[in-house]
Amino acid sequence: MKGLILALVLALVGGQKQDLEPVFHTGKTYLYGYNSFILHGLPGRSLAMAGVRLTCKLEISRVSRSDHLLQILSPKLEEYNGFWPTDPFTPSSRLTETIAACFSQAFKFEYTEGRVGSIYAPEDCPILCTNLVRGILNMMQITIKKSQNVYELQEAGIEGICQTRYVIRDDIKNNRATISKSKDLTDCQEKAVKNTGMAYIRPCPTCPLKVRNIKGMVMFAYKMKYDDSGVLMTSATSEQVYQISPFNEPNGAAVTEARQELSLVNIKRTSISAPKTQLQNQGSLRYHFSGELLQMPFPLIRIKNPYLQLTETLRQLVQSNEEEATKEASAKFLQMVQLLRIVTLDQIESVWVQVASDPPYRPWFLSAVCAAGATDTFRFLKQKIHDEKLNIWEAAATLPLAFHFVTPNKQTLEVASTFLTCPQIQKAPMLRILVYLGYGSMVNKYCAQSSFCPNELLQPLHELATEAASKGNAKDTALALKAIGNAGEPASIKRILKFLPTFSPTAASLPSRIHADAVLALRKIARKDPAKVREISLQVFMDNMLAPKVRMVACVVLFETKPALPTVTAMASSLLTEPSLQVASFTYSHMKALAAGRIPQLSNLSAACNIAIKLLSPRLDRLSYRYSKVIHVGGYSSEYQAGAIWRVYLMNGPSTMFPSDIITKVRGYYANTATDIIEVALRSQSLTKLIRKQNIPFAEYDTYKTLKELGKTLLGWKELPPEDPLVSAYVKVLGQEIAFADLDKDAIQQTMTSVTGSSNWQLVVKKVLEEIQRGISGRWTLPVVVAELRHAVPTVVGVPLEFSLCGAALARAAADVDMQISPPLSDNFRPSHLLETKMDIHADIKPKAHFHMMATMGINTRYFQSGLEFHAEFSANTTVKFDARIDVKEKNVKIETPPCRREVELAAVRSEVYAVSRNMEEVDFEKKSQLLPKGDQPLQPSERSSGPGSWKQSNVPRVISKGYQQGSEEAHHHSVGGRFYARIFCRKFESLGCSACLSLKSRNSAFLRNTYLHKLAGELEAKIVLKPVPTDADVDKIQLEIQAGAKAASKIIDGASSGSKEQDKTSLFGDIQAKLKKILGIENVFKVTNKTRHRTKRIHRKKKTAVTDLWAEPSATPLSSSSSSSTAASGDGKEPGKAHRKDEMRQSGKRHGSSRKSSSGRRSSSSGSSASSKICGSSSEDHCGDRHCSADSEYSNQQANLPVYQFRFKPADEQDPGREDLNSSISSTSSSASDEGIFSAVSQPKFLGDSKAPIVAAVLRAIHRNEQPTGLQLVLYTDTQPTRSTVQVFVSSITGSSRWKLCADASVINSHKVSGSLKWGKDCQDYQIATQIATGQFAAYPATRMKLEWPKVPSVVRTTARWFYSFLPGAAYVLGYSQKQRRGPSHQATLVVALTSPRTCDVVLKLPELIIYERAIRLPLPFPSSPGTPISTLPSPAPNVFSQATLSIIENLKAHCSVFQNTITTFNGVEFNYSMPANCYHVLVQDCSPELKFLVMIRRPEESADLTAINVRLASHEVDMYVSNGLVQLKINGVQAPTDVPYTSNSDASMLISSEKDGLSLKAPDYGIDKLYYDGHRLEIQVAFWMAGKTCGICGKYDAEKEREYQMPSGYLAKDAVSFGQSWIISEDPCAGACKLQRKFVKIEKPLAFEKAAAKCFSVEPVLHCAEGCSATAAVPVSVGFHCVPADSTLDLEGRIRLDQKSEDVVSTVSAHTACSCQQQPCPA
């Protein structure tokens, strides 16, 4: 046994691995050779790359147990810029000397068991050299596990602490071992990284690593040798690869590769001498970022004298701007920003003293100060505002930029806090808002850098909120909440909750917009504490006592916390009993929008919403425009891992017809990040007051006092709180609110007064005109750094690898505007005086914009730069110079502008990629290589006229190539590999002496890999150029003259005869028209038209014609092109239903089957009941051409089987029911007129000039020197008749030799049909397009058909149409439409829209080879399906269906309430039955706003149950309408008035009473009553749309909340219609009035079910009972809520306690009296 144990011990000892940690022995020096390089470029040979190489010798000695010395000898730094691997590295001697200087002394480092500890360096050693040492020592970092050969662990290194895998191979026989380790640089816990400008980009922590567009890894290989004293590291190599894929393409990535080699050369017996100077601890192996990021990624600057360099750069900047060298100006501007980050505050002050009074220098300097973002520049800006050296507009422009660009640290935050208390800012409300919002953004950026945020940073914002709340200052409260929202810190949650009534009852008195701002302030906090914000927002959402808008905002915030399925399901279940339809509609549409999303970051939320909406009723999807909605448009590319969404939140309220709050935002997704790009919100309140008649003293009228007294008798009734008109808006950029404004009437007047000195808008107009007359001249420049995003990571070499994006924009404008007005403006100026003036305007405006963006990947240090640079620039440049003369009285406008004198580049986009190398020692000698080798040069360009054959060898896409075959110049150059592409498209306007050209050039590396990155890697250029065209005579000027009115014809004639000496002073009308006809060449047009029309009649169509290509040229004549429509689509003879089921390609899309099925069911039942309609299928087997369609008995069967696209459209003006329509039968052989095309179906229009004078004439001409002018002339004719209206436009050339013309005609043929045509070419015969719009029936439904025909169109139109046509099937699929491949007329498209209900329609789009259709599409507005005459309009003698449709929609927006017998229909459309007790007045409708403008009461007389009587109170009028002896009677203020004579009031607000039909109508629009109609049996009331939400009574609140229709005066929701109606009875004195009913609280005694104890219960609302002394003769049961207390409680009905404010414990049925019998009443004498 002992022997066995001994053997096992020996085996265990023998199998244990020896120590593999490298050992350096004391007294020895180990000499290593070190070689490292780093290269940047695109993968693939023959592409330029840039990089650096460092070679040196290393000496390592051990001086103590853990301390070691490192001496770097003979360092050599080389740069690489060329084509790998053919070009060599280039030595950089000066930079080598700089590096060698910092390596002259030895470094000390701690090294124990293969782990590097602290590193010590000389005090003055630059951080770059220390990091290079870290790169060397990083190779020696080894972590050995003695018991394992393959293992993983978290290892510290230069990159941070990253996941590392080790593989160890022992070769014990040869005393050697190899170690391999690899690191995934995307899987690090404490990664060394430095980001700048990315505080607003939110990473997705749950997204998988594969979607990251920056990936990196590093591999190490070690060779170890065992000796007697330990392990010796003989060699070590490392290879690191970083790749960035900007478009997330697998093959489209730029690569940075770094390599290191360390090899043992020799071992010396002597040690390294100790350093002479004291070494300082520089920290661990982890990379240290220091001043590298101060250097912007553009050419290095050697800083010698910052002040002089800053001054000189500013001078060069202004000079470049004046010379219009915008590219150079942008570069200098960025250089100036870099210098401002280095200079001191005193130097900035010195430069300011020089430029403050110089306008060209001032804007450049201020913009650069804002963009610098340094502590001194921020402090300088604060001082200038404090000293009032900047005006309010300069301060408003600089403050947002300064707070955005400043680097947040303790120093800058201290300066920012002084902004808050600056007196100059406190007295300027606009600056105060900008500063508080900017301070909140600074706090957000500062706290984003660390997990802890000091409370003192938030203290100023919390103090502002507390102070505003104590003073009741709503504006300051909103400002504090918005600033707290910008900060986005969870520590502010308690402050925010104080402004929400759900958590703080004292907040109930605050305006609802403050509640909404408090909820919105939680949005950014949700990113740090989503669980807490989710809990708060859910409670707010569930609080029914809050305003609907506040709850909808809470819904938005709740979904931004990405709730899980249980929370979403809880929201959905609450909607099933939600009393507010606004909240229900908004939440449902929001869930539906999220469910349809495809963003990976929202996938869990989308899935949860998709489940939740299945629990909800589909009726929420059918709610009208009155209800709040969420509109969602978005897309995401899984291939490129990028997407964007656009959402619009439309929030409506009870008092608005259209959305009062609109929030729209755009969010972008890229890889695993998300960014809120922009968000704009607009809120409005009571804006309808501004469109009403003002200054009506409602409070002085008797009605106001009556309603005040009436309110006391209605228990709990309160008038609505007053609301002042208000418009508020805010703008968020990158998730930060940068500005907001609350504009009320006073604010607008104050703004006008501060700007112009007057609040009278007429005086403001006069002042503006006077200012323009004095002349406007100036130069404006606005430079700004639009982005500076930088991401830096360390490399194994020890230098930082930076990915950056930097952009600068420059906008400049020069303007000289002068205007003269005659006669001059008088002192009593009115805008109407401008109608009698002449104005001469001279303008010379030169706007220019330039945007320069630079993206880099490479090394960026203060000593050297190396990497790839991508430059892209966009420039736009134009000149607007003209002289205008406007004679308003004579209706004449003449504008003159100079012609093209020189070539002008209107717009251009350019991009290029370089491999660059720069170093500080040779600033003026940068190395720059284009990515592609120069050997691949293009052929020399040569412009030549295009023709059909010149496009055959082109490799351009077919769509582009065919679009410009005619009239363009092109040049195409094709070299080996397809690397170069160039093309020029030109369009000449010889008559105007100019041409416009589009130039495209490209030279890229897409031939290597077809990715977007390789397409951008090279040179790209696209520009639009305007250049002069050589003509026989130089163009002197271009003139546009427009003449309207009676002199229009003479303007054309005078222009044509200006060269002739013979001019008639007077001409008859016929002579004028004849001259016009001759000048315009219209005689030729109508001659050709008439010949063609007569010839067409003799053409007989064939029975079958082959269907040609979709947009091909027709072989027949244009006017007979419709013959191709007779091609049979299907001839198999099968049943339509079967053929449809077999051929139809049904797309699922995004529409739900349940709603579609229910809609189809309703539609089928509705259409089946229509016995008056007939239907014909459009398939060939129907053969409806020579016979009538099926009779009524067959109609319903056909409709049930036929697909919707086979239904027949029947025009409304078709007299013969059996006559075929244009597209009723494709295979018909009938030659009736209805089968002709639009051109032949409608008679050719006559020339209106034969009987009418033109109303407008316009001439555009180029005036030449000593030559006749050239150009175009336009004439517009109109003819309006009771039955037909026509508009004709003719455009022709001024030059008599040209017969090119354009003829346009539009006619309203009758009340159901409109047609139009457009022809152009030689005598308007080359090309033709026609359209027709008609109304009629589609199956049994009213419908509109729009038809388009194109017998012949230019090739560019055909090419564009082909391109558009290719997207239609995919678009139809995405939208959920059905489609079917079916051939039809080759040059015709038809769209039919059939109204199947007021909110749904069917759509059929027939194209030459495709049919797209869908049923039951929801409409945004209700549209009356059966035309009726609304009560507010009289029937028109000649109704026009198009105008009637518009009026019908407008009438649908207005609210109607009606009473007929016992049926009452409220403003919200709720219908219920209620039998009114006799002789008791009910409040039918009254104004519940603070103005109390009107009251309408109704009662039922005791003698007749079918009749009613009404009492209307308006102003000082009391109007009674009743029936006596079978006639409607009228009393006004108690005096009988005749009913056959209209009555009009003489008060400030108008009122009209007149007879209508069998009754009376009352119109009082200024009071809010559009119309009231009464005939004794029926009562109808229509109120103005601005009364929405402001009414109350039995007609309801007109707030679209149908679920809350039965609201009693106290706001309590009645249990049934009877309780609701009785609650609005007006109590009267039983002794003086006829109504003996009064409302009283009742008491019941019953045991409570849940307590099983005796209790007494009191009704929370009074119940109708007979007055004292009267007994009930009739009663009805009503359901009432009761509040219960113990039986021994002292509470009783005589206690005067507000029972309506008590809780409802039980619901019970009691009797409500409806009739009383009164024998004796104790009435006073």
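See above for the structure.
Residues numbered from 1 in each chain as written. Predicted model: local features only at pLDDT ≥ 70, side-chain atom pairs only at ≥ 80, totals over all residues. Heavy atoms only, no water.

Topic: the packing of aromatic side chains
Per the counting criterion, the structure on display carries 29 aromatic pairs. Judged by centre distance (6.3 Å) and plane angle (75°), the rings of Tyr 1277 and Phe 1290 are edge-to-face. A residue pair is termed long-range when its members are at least 10 positions apart, and Tyr 1277 in strand β38 (residues 1270–1280) and Phe 1290 in strand β39 (residues 1285–1293) qualify at 13 residues. Each member of the pair, Tyr 1277 as well as Phe 1290, carries the same accessibility label: buried. Geometrically, the ring pair formed by Trp 1320 and Tyr 1327 is tilted, given 5.4 Å between the ring centres and 35° between the ring planes. Accessibility classification places Trp 1320 together with Tyr 1327 in one group, the buried group. Chaining the aromatic ring pairs together yields one cluster made of Phe 24, Tyr 30, Phe 109 and Tyr 111. Sitting over the face of the ring of Tyr 914, Lys 928 holds its NZ or CZ atom 4.7 Å from the ring centroid. (Phe/Tyr/Trp six-rings, centres within 6.5 Å; stacked < 30°, edge-to-face > 60°. Helix = DSSP H or I, 4+ residues; strand = E, 2+ residues; numbered from the N terminus. Buried < 20%, exposed > 50% of the residue type's maximum accessible area, 1.4 Å probe, protein only. Lys NZ or Arg CZ within 6 Å of the ring centre and 35° of its normal.)

Some words on helix α17 (residues 530–542)
An ideal rise of 1.5 Å per residue puts 18 Å on 13 residues; α17 measures up with 18 Å between its terminal C-alpha atoms. Contact partners of the buried residues in α17: α15 (493–497), α16 (512–520), α18 (548–560), α19 (565–575) and α20 (581–595). (Expected span 1.5 Å × (residues − 1). Contact = heavy atoms within 4.5 Å.)

A few points about the environment of Gln 601
With respect to the helices and strands, the residue Gln 601 is situated in the loop between α20 and α21 (603–612). You can call Gln 601 buried: its relative accessible area is 13%. It is 9.4 Å that separates the C-alpha atoms of Gln 601 and Lys 562, two residues lying 39 residues apart in sequence. Looking at Gln 601, its side chain comes within polar contact range of the main-chain oxygen of Thr 673, at 3.2 Å. (Polar contact = N/O pair within 3.5 Å; in protein donor to acceptor, adjacent residues only side chain to side chain.)

As for the state of the cysteines
A full pass over the atoms with the stated rule returns 11 disulfides. Disulfide pairing is shown between Cys 1657 and Cys 1684; the S-S distance is 1.9 Å. Taking the sign of the S-S torsion, 105° for the link of Cys 1657 and Cys 1684, the bridge is right-handed. Of this pair, Cys 1657 sits in strand β65 (residues 1655–1659) while Cys 1684 sits in strand β67 (residues 1670–1686), and the two are 27 residues apart along the sequence. Judged on exposure class, the residue Cys 1657 and its partner Cys 1684 are both buried. Paired by a disulfide, Cys 1666 and Cys 1716 hold their sulfur atoms 1.9 Å apart. One disulfide, between Cys 1666 and Cys 1716, carries an S-S torsion of -95° and so falls in the left-handed class. (Disulfide = S-S within 2.5 Å.)

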